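# Remarks on the overall topology
Listed below are the residues making up each chain.
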Amino acid sequence: MATGEVRVLRPFKLIALVCLLVALALNVVALLSPAWVTSERGSLSLWEACKRAPDVWHCLSTLRTDWQVATLVLILTAATITLLSFLASLVSFCLGTPRRYYRVIAVLLLVAVVLQVCALILYPIKFIDSSILKSYHEFNWGYGLGWGSAIFMLGAAILYCLRTDVYEDAYY
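Residues numbered from 1 in each chain as written. Predicted model: local features only at pLDDT ≥ 70, side-chain atom pairs only at ≥ 80, totals over all residues. Heavy atoms only, no water.

### As for the side chain of serine 85
With respect to the element layout, serine 85 can be found in helix H2 (residues 66-95). The contact partners of serine 85, leaving out residues within four places of it in the chain, are Leu20, Ile105, Leu108 and Leu109. (Helix = DSSP H or I, 4+ residues; strand = E, 2+ residues; numbered from the N terminus. Contact = heavy atoms within 4.5 Å.)

Here you go:
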């Protein structure tokens, strides 16, 4: 860097990395959440369905129905892609490797967003179709965290698509 040159740091990639970390955390908490759907007599998560008898709760695995397995596989695949994108982004950001990796990370994140949104649309449609709880029910915080994760993944993908290296003049 010569004397008199000013280097402008645009933190888009760092913000995208933070968005990826938040999306990954939200995805893990959504996967482990015991409350995707709740009602007065029971609850349903990605892993088990619990119903309340007069004095005790009875829980069964939800991995018996195809739509619940499909939802779980879609979300696990999206979480895996998000983790790989986060690791690649962290290595690329720390080592200062060429920016072409950011495009690959953005495409991977867009694929993860599509998978996550498909799972989050499939889940309520098939749940209402099968009406497992057969009473008034609410989609709870675990389901909402899944949507939050998808939003942060999309934000990170958009930030990785921005080309900040083509501007010659800094605008203040």
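### Some words on the packing of helix H1 (residues 12-32) against H2
Between H1 and H2, whose axes approach to 10 Å, the crossing angle comes to 150 degrees. One finds that H1 runs roughly antiparallel with respect to H2. In this structure, H1 crosses over H2, and the sense of that crossing is left-handed. In contact with Lys13, Leu14, Leu17, Leu20, Leu21, Leu24, Asn27 and Leu31 of H1, H2 contributes Leu72, Ile75, Leu76, Ala78, Ala79, Thr82, Leu83, Ser85, Phe86, Ser89, Leu90 and Phe93. Each residue belonging to the contact of H1 with H2 can be placed in one class, and the counts come to 15 nonpolar, four polar and one charged. (Axes fitted to C-alpha atoms, helices over the stretch in contact; angles between N-to-C directions. Parallel < 35°, antiparallel > 145°, perpendicular 65-115°, else oblique. Left-handed = near helix turned anticlockwise from the far one by under 90°. Nonpolar A, V, L, I, M, F, W, Y, C, P; charged D, E, K, R; others polar.)

### Describing the nonpolar core
One finds Leu31, Trp36, Leu44, Leu46, Ile75 and Tyr123 to be the most contacted residues of the largest nonpolar core, which totals 16 residues. Mapped onto this core, the elements with two or more residues apiece are H1, H2 and helix H3 (100-130). Ignoring anything within four residues of it in the chain, the contact list for isoleucine 75 reads Asn27, Leu31, Trp36, Leu46, Gln116 and Ala119. Within the second largest apolar cluster, 14 residues are counted, among which are Leu17, Phe86, Ile105 and Ala157. (Core = buried A, V, L, I, M, F, W, Y, C linked by side-chain atoms within 4.5 Å. Buried < 20%, exposed > 50% of the residue type's maximum accessible area, 1.4 Å probe, protein only.)

### So, the packing of aromatic side chains
In total, this model carries seven aromatic pairs according to the counting rule given. When the centroid spacing of 5.1 Å and the interplanar angle of 40 degrees are considered together, the rings of phenylalanine 139 and tyrosine 143 count as tilted. In this structure phenylalanine 139 comes out as partly exposed when scored by relative accessible area, which is 31%. Given a relative accessible area of 13%, tyrosine 143 falls into the buried group. (Phe/Tyr/Trp six-rings, centres within 6.5 Å; stacked < 30°, edge-to-face > 60°.)

### Brief notes about the state of the cysteines
Taken as a whole, this structure holds one disulfide when the rule is applied. Sulfur-sulfur distance for the disulfide between cysteine 50 and cysteine 59 comes to 2.1 Å. Judged by the sign of its S-S torsion, about 105 degrees, the bond between cysteine 50 and cysteine 59 is right-handed. The exposure class assigned to cysteine 50 is buried, which follows from its relative accessible area of 7%. When its relative accessible area of 39% is taken as the criterion, cysteine 59 is described as partly exposed. (Disulfide = S-S within 2.5 Å.)

### Comments concerning the environment of valine 104
By the element assignment, valine 104 lies in helix H3. Using a relative accessible area of 48% as the deciding quantity, one classes valine 104 as partly exposed. In the structure, valine 104 is positioned 16 residues away from alanine 88 in sequence and 9.6 Å away in space, judged by C-alpha atoms.

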